[in-house]
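So you can see what is in the structure, the chains are spelled out below.
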Amino acid sequence: MEDVTTRKNSGATATTPAKRQRATSSGTASERRDHLVKLAAELFARKGFQATTVREIADEAGILSGSLYHHFDSKETIVDEVLSTFLDDLIARYRAALESGGEPRAVLSEMVRIGFGTLEPHRAAITVMQNDWNYLRQFERFNYLVKAEDEVEQMWVAQIKAGQAAGQFRADVDPKLTYRMIRDTIWVAVRWFRPGGRLNTTGLAEHYITVLFDGLATGERTTQKA
């Protein structure tokens, strides 16, 4: 005779065919949604967010436009996911670098590496940020873009100031202007960097760090203090 305890344990741990089917369907739906986000992100990057239609996203995915609305209520929701995923990842990595407690030059170097390191996994999001920033920031749902930009700027500027205070960075350069020049160098690279080229993103970052800290000219410094 089967023990009652055995039956209870079996009932508690068994997975019925219906449960397995629901789990599989859920996983498939999630994967499908991620796939649609990636397809849409590539279209936004290539054509621009405003010029891309829901029909074009659906056509690219090989589905009807109505089917797309089973996953997203608008194309704004899709680009929202593309951009927020990128910014969440970027800011989390920057925070980790700052919390490492390293000296300013080492931390700033790591932040440069983080920035260049996003060029491949977040290429589409960075391109959309470059092309559609001014348009998207008009809408309340994208207010977080400005907040994220401000937070990132504060991180960099504070680190540059810390380096100046420690005597590692020149005191005669403007921290905010320096940050913006670094920022633009990193993000504009998405327009010309191609994976599989002579330099990967790691090599690109190291080259930039060398130029940033060691300069281009040899011999004595010829620039004048402002």
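Described below are features of the structure shown in this document. (Residues numbered from 1 in each chain as written. Predicted model: local features only at pLDDT ≥ 70, side-chain atom pairs only at ≥ 80, totals over all residues. Heavy atoms only, no water.)

Re the packing of helix H8 (residues 143-165) against helix H9 (residues 175-188)
The description of two packed helices rests on the angle between their axes and on the distance between the axes.
And step 1. Where H8 meets H9, the axes come as close as 9 Å, and the angle between the chain directions of the two elements is 120°. Considering their axes alone, H8 and H9 lie oblique with respect to each other. Crossing geometry of H8 relative to H9 is assigned as right-handed. For the pair formed by H8 and H9, the contact residues are Glu 149, Val 152, Glu 153, Trp 156, Val 157, Ile 160, Lys 161 and Gln 164 on the first element and Pro 175, Lys 176, Thr 178, Tyr 179, Arg 180, Ile 182, Arg 183 and Ile 186 on the second.
And step 2. Per-class residue counts for the contact of H8 with H9 are eight nonpolar, two polar and six charged. (Axes fitted to C-alpha atoms, helices over the stretch in contact; angles between N-to-C directions. Helix = DSSP H or I, 4+ residues; strand = E, 2+ residues; numbered from the N terminus. Parallel < 35°, antiparallel > 145°, perpendicular 65-115°, else oblique. Left-handed = near helix turned anticlockwise from the far one by under 90°. Contact = heavy atoms within 4.5 Å. Nonpolar A, V, L, I, M, F, W, Y, C, P; charged D, E, K, R; others polar.)

Section: the nonpolar core
And step 1. In terms of nonpolar packing, the biggest core is built from 61 residues, with Tyr 94, Phe 116 and Trp 156 touching the most fellow members.
And step 2. The element that contributes the greatest number of residues to this core is helix H5 (residues 75-99), accounting for 10 residues.
And step 3. When sequence neighbours within four positions are dropped, the list of residues in contact with Trp 156 reads Tyr 94, Leu 108, Met 111, Val 112, Tyr 179, Ile 182 and Ile 186. (Core = buried A, V, L, I, M, F, W, Y, C linked by side-chain atoms within 4.5 Å. Buried < 20%, exposed > 50% of the residue type's maximum accessible area, 1.4 Å probe, protein only.)

Focus on the layout of surface pockets
And step 1. As a volume, the second largest pocket reaches approximately 380 Å³.
And step 2. Lining the second largest pocket are 18 residues, with Met 129, Trp 133, Glu 149, Arg 183 and Trp 187 positioned closest to its centre.
And step 3. Only H5, helix H7 (123-136), H8 and H9 provide two or more residues apiece to the lining of the second largest pocket.
And step 4. Along the lines of polarity and charge, the residues of the lining of the second largest pocket split into 12 nonpolar, two polar and four charged. (1 Å grid on protein atoms, 1.4 Å probe; cavity = no way out; pocket = protein on both sides within 12 Å on 5 of 7 lines; lining within 4 Å. Points joined across faces, edges and corners; volume = space filled by probe spheres on them.)

Concerning the side chain of Gln 164
And step 1. Inspection of the secondary structure assignment puts Gln 164 in helix H8.
And step 2. A distance of 2.9 Å separates a polar side-chain atom of Gln 164 from the backbone oxygen of Arg 170.
And step 3. Excluding its chain neighbours within four sequence positions, the residues that come into contact with Gln 164 are Phe 169, Arg 170, Ala 171, Val 173 and Pro 175. (Polar contact = N/O pair within 3.5 Å; in protein donor to acceptor, adjacent residues only side chain to side chain.)

Brief notes about helix H3 (residues 54-61)
And step 1. Listed in full, the buried residues belonging to H3 are Val 54, Ile 57, Ala 58 and Ala 61. When H3 is viewed along its axis, its buried side chains cluster within an angular range of 95° and face the same direction. Facing away from the buried surface of H3 by more than 90 degrees, the exposed residues are Arg 55 and Asp 59.
And step 2. Phi turns positive, to about 75°, at Gly 62, one or two residues after H3. (Arc of directions from axis to C-beta.)

Thoughts on the pattern of salt bridges
And step 1. Across all of its chains, the model carries 14 salt bridges by this definition.
And step 2. For Arg 123, the salt bridge goes to Glu 42, with nearest N and O atoms at 2.3 Å. Here Arg 123 is found in helix H7, whereas its partner Glu 42 is found in helix H2 (residues 17-47), with 81 residues between them in sequence.
And step 3. Look at Arg 123 and you get partly exposed, because its relative accessible area is 30%.
And step 4. Between Arg 113 and Glu 110 there is a salt bridge whose closest N-O contact spans 3.6 Å. In this pair, Arg 113 and Glu 110 are both assigned in helix H6 (residues 104-117), three residues apart and thus about one turn of the helix distant.
And step 5. Classification of Arg 113 as partly exposed rests on a relative accessible area of 33%. (Salt bridge = Lys/Arg side-chain N within 4 Å of Asp/Glu carboxyl O.)

A word on the packing of aromatic side chains
And step 1. Under the criterion given, the structure shown has nine aromatic pairs.
And step 2. Measuring from ring centre to ring centre gives 5.8 Å for Tyr 94 and Trp 156, while their planes differ by 90°; the resulting arrangement is edge-to-face. A residue pair is termed long-range when its members are at least 10 positions apart, and Tyr 94 in helix H5 and Trp 156 in helix H8 qualify at 62 residues.
And step 3. Assessed through its relative accessible area of 1%, Tyr 94 is described here as buried.
And step 4. With 5.9 Å between their ring centres and 40° between their planes, Trp 156 and Tyr 179 make a pair best called tilted. Here Tyr 179 lies in helix H9 and Trp 156 lies in helix H8, a separation of 23 residues in the sequence.
And step 5. Classification of Tyr 179 as buried rests on a relative accessible area of 3%.
And step 6. Site record: aromatic cluster; members linked through ring pairs are Phe 44, Phe 49, Tyr 135 and Phe 139.
And step 7. Of note, Lys 75 hangs over the ring of Phe 49, and the distance from its end group to the ring centre comes to 4.5 Å. (Phe/Tyr/Trp six-rings, centres within 6.5 Å; stacked < 30°, edge-to-face > 60°. Lys NZ or Arg CZ within 6 Å of the ring centre and 35° of its normal.)

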